[in-house]
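# Examining the three-dimensional arrangement
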Amino acid sequence: MSISQLNPRQKEAVLHTEGPLLVLAGAGAGKTHVLIQRILYLIETGVAPYNILAITFTNKAAQEIKKRVEELWKERSFPMLGTFHSVAFRILRQEIGVLGYESDFLIYDQQDQVSAMKQVMKKLNMDPKEWNPKSMISYISSYKNKLLTATHCKNTAENSHQMRLADLFVEYQKFLKKNNAVDFDDLIGLCVQALEENPEILEKYQNRWPYILVDEYQDINHAQYRLIRLLADKSQNLCVIGDGDQSIYAFRGAVMENILAFEKEYPQAKRIQLEQNYRSTKNILSAANALIRNNLQRIDKNMWTENDQGDLISIEEQRDNDEEGRYVARYIRNLIDEKGLSYSDCAILYRTNAQTRAMEEACLQYQIPYKVIGGLKFYNRKEVKDILAYLRIIAQDKDEISLLRIINVPPRKIGKTSLQRLQNFANQRNIHMMDVLKHLEMAEEFSPSAKASFQRFLDLYRDLLEDKKNYSFSEFVQQVLEKTGYLSMLKENTVENISRKENLEELVRVCSRYDALGEDALFSFLEEVALIQDTDDMDEQENVLFMTVHAAKGLEFPYVFIVGAEEGLFPHSRSLENPQELEEERRLFYVAMTRAKHKLVITCARSRYMYGQSQSTIPSRFLAEIPVEFCVETHLPQTSVSYDNDYDDDVQYDPEDFIFDEGQKVLHPQFGEGVVIHIEGTVLTISFGPGNIKKIAATFAQLQRVL
């Protein structure tokens, strides 16, 4: 595509080369074409390629832009194209010496960070079971993304718990520097520090890159914002491209206000709005426009398209999530068989990974090949495979692969040396490892402590064998989760742990389908799971794609299915007490809708298995925000939920039902047990453990008093 093929607003964004420029590019508005043509136009007008810096958010996007620029620009010299981290790395490799590091510094990945954190915690006598290393890294990362130092953290600590965290932050940074290492957050933070504290270095890079372009500006955090502000401060030739309506990464520290405040930061800035959509039909685009206008924090724009009116949006309610999966699979099967579409024309989008299980089984039932993007298939997820291993051991104690997988999961102080001796002892006598465990008195090779650890596992195994006789199958699986300590291992409410617990809840729900089989339930379940997994290696060129809405950002598909459009799921329950988080959920739904080119289908279920039981659900408030004229006629039930932005009034309730007091112990289905430490109206401030304080609207949350 050349400049002559751009629409007037796109062309204006390309030709405006001097001074700050804000390009608000709506979904499907061709912003990548604009970015590439702007780079080429700068070069054609005499700007040296090495004087241009273009920053994107992902390596994939940077490589795509570089490839397309190379196809159109045949010279050897190219602009600097990269992510924030790659640009910061290039600067630090040359300049980090001013901060006391060697130029051959290492970059610690997540695994390296965890190892470093554990060593620091050991030095400070901090128990990893109480202070989860990954949670501590996340805590420190949140400070670094705001350019707040360990010293600041220490100076602002208000209690002993915060002071302990500050000490950890200080020692962690000392450890990194001692090892001449940085983490990914340091790349940005240290780069900003080097530029701010050394004017000559700052001027060097300001002169190097007088023309700067930043993509996905709505998703930058404060540290990234500061880096760009410093580099562009001299020339002011800064072009930022983004869309506040697609800002969906607050959980990573993204600050949407950066794009909203751009014109205040640069009063002389020009704003160009790319409002012509080249992707979706009029019906889909009009519906998405209507939805996003319910957000208050946004710059208004009116997306439009010359595309056809297109099919109406289908909104379908099913009995439960299994029936929802079968409905979507039947719909896709009909598209393939009757319209001759490719499987890859269809995408199934969801809010959480735990939703894939029902969709996967339905696709297998209807012989639809699929691929899970950005995640493992349900039965391949670690937590699911771990519990399956426990179940296989109960079903067949000769399964040594499963035994080796879980004998020390959760950790039981059974080391690799002890396990190797157990294997050797069994192999030398041609017996099974479980037989050795049942007759530990025969084995003199093991130390008393190893024997004690093995005996504890054997006692657990025997206890679970008894439970299998006394509980229904799904109740038995719940006992496995609890008695093994697996749920306790996930008690820290990190994003990863919450996702894993959701997957385990879904596994229990699947098992409940086998309860009526009695003693045959376990074997029937394992047989079906084995058959499902046997199809995982289907080598198909075409697949229906499964992905979270976050993973779908920037993609498009002819047919899109948004599943699980229910209150508490989409929007997610974590957002229901916070108006700003609720607006982010609406932006996420907007992103999902605008992935569709020709047809959009949205589904919800009347009941869904959550928190260990089947629960009635309420259709998402977002469905009520889609005007009926853009939808096939639907008959969703009315609810008592008031769909406004004031979360104190979200639900009609009786004041007599408010039964909480300060000091009251409560149980939350997601965050676990906590203590009410403050009450303001109907909003409870609850401590769920060290550093885990939440504000929750009691009128909406599924809180139980612990007596």
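### Describing the nonpolar core
Core analysis: the largest hydrophobic core is formed by 67 residues, its most contacted members being Ile313, Ile562, Phe589, Met593, Leu600 and Ile602. When residues are assigned to domains, this core turns out to be shared by domain 1 (3-93 + 189-274) and domain 3 (304-375 + 545-633), each giving three or more. When near neighbours in sequence (up to four residues on either side) are disregarded, Leu600 contacts Ile284, Ile313, Ser314, Val560, Ile562 and Met593. If you look at the next biggest cluster of nonpolar residues, it comprises 52 residues, including Ile407, Ile414, Phe457 and Tyr609.

### Considering the packing of aromatic side chains
Following the criterion strictly, the structure yields 16 aromatic pairs and no others. A centroid spacing of 5.1 Å and a plane angle of 55 degrees characterise the contact between Tyr139 and Tyr143, whose relative ring orientation is tilted. Of this pair, Tyr139 and Tyr143 both sit in helix H6 (residues 133-145), 4 residues apart, which is roughly one turn of that helix. Exposure remark for Tyr143: the relative accessible area of 19% places this residue in the buried category. Between the aromatic rings of Phe570 and Phe622, the centroid separation amounts to 6.3 Å while the plane-to-plane angle is 85 degrees, which identifies the pairing as edge-to-face. In this pair, Phe570 sits in the loop between strand E13 (557-562) and helix H27 (579-593) while Phe622 sits in helix H28 (residues 621-624), placing the two residues 52 residues apart along the sequence. In terms of burial, Phe570 and Phe622 fall into one category: buried. An aromatic cluster of three or more residues is present, and its members are Tyr139, Tyr143 and Phe169. Sitting over the face of the ring of Phe105, Arg93 holds its NZ or CZ atom 4.5 Å from the ring centroid.

### Structural notes on the confidence of the model for the chain
Close reading of the predicted structure is inappropriate where its pLDDT is low. With 89% of its residues at a pLDDT of 70 or more, the chain shows a mean pLDDT of 85. Taken element by element, the chain is modelled with least confidence in strand E19 (residues 693-697), mean pLDDT 62, and with most confidence in E13, mean pLDDT 97. Long-range and interchain partners of residues 533-540, a stretch whose pLDDT sits below 50, account for 11 contacts in this model, where long-range means more than four residues apart. Low confidence marks residues 639-657, where pLDDT is under 50. Its contacts with residues over four positions away, or in another chain, come to 38 contacts.

### Let's talk about the side chain of Gln479
Along the chain, Gln479 turns up in helix H22 (residues 473-483). In this view, Gln479 contacts Leu464, Asp467, Tyr471 and Thr484; residues no more than four positions away in its chain are not counted.

Cut-offs and rules
- Residues numbered from 1 in each chain as written.
- Predicted model: local features only at pLDDT ≥ 70, side-chain atom pairs only at ≥ 80, totals over all residues.
- Heavy atoms only, no water.
- Core = buried A, V, L, I, M, F, W, Y, C linked by side-chain atoms within 4.5 Å.
- Buried < 20%, exposed > 50% of the residue type's maximum accessible area, 1.4 Å probe, protein only.
- Domains from an automatic or database assignment.
- Contact = heavy atoms within 4.5 Å.
- Phe/Tyr/Trp six-rings, centres within 6.5 Å; stacked < 30°, edge-to-face > 60°.
- Helix = DSSP H or I, 4+ residues; strand = E, 2+ residues; numbered from the N terminus.
- Lys NZ or Arg CZ within 6 Å of the ring centre and 35° of its normal.
- pLDDT = per-residue confidence, 0-100.

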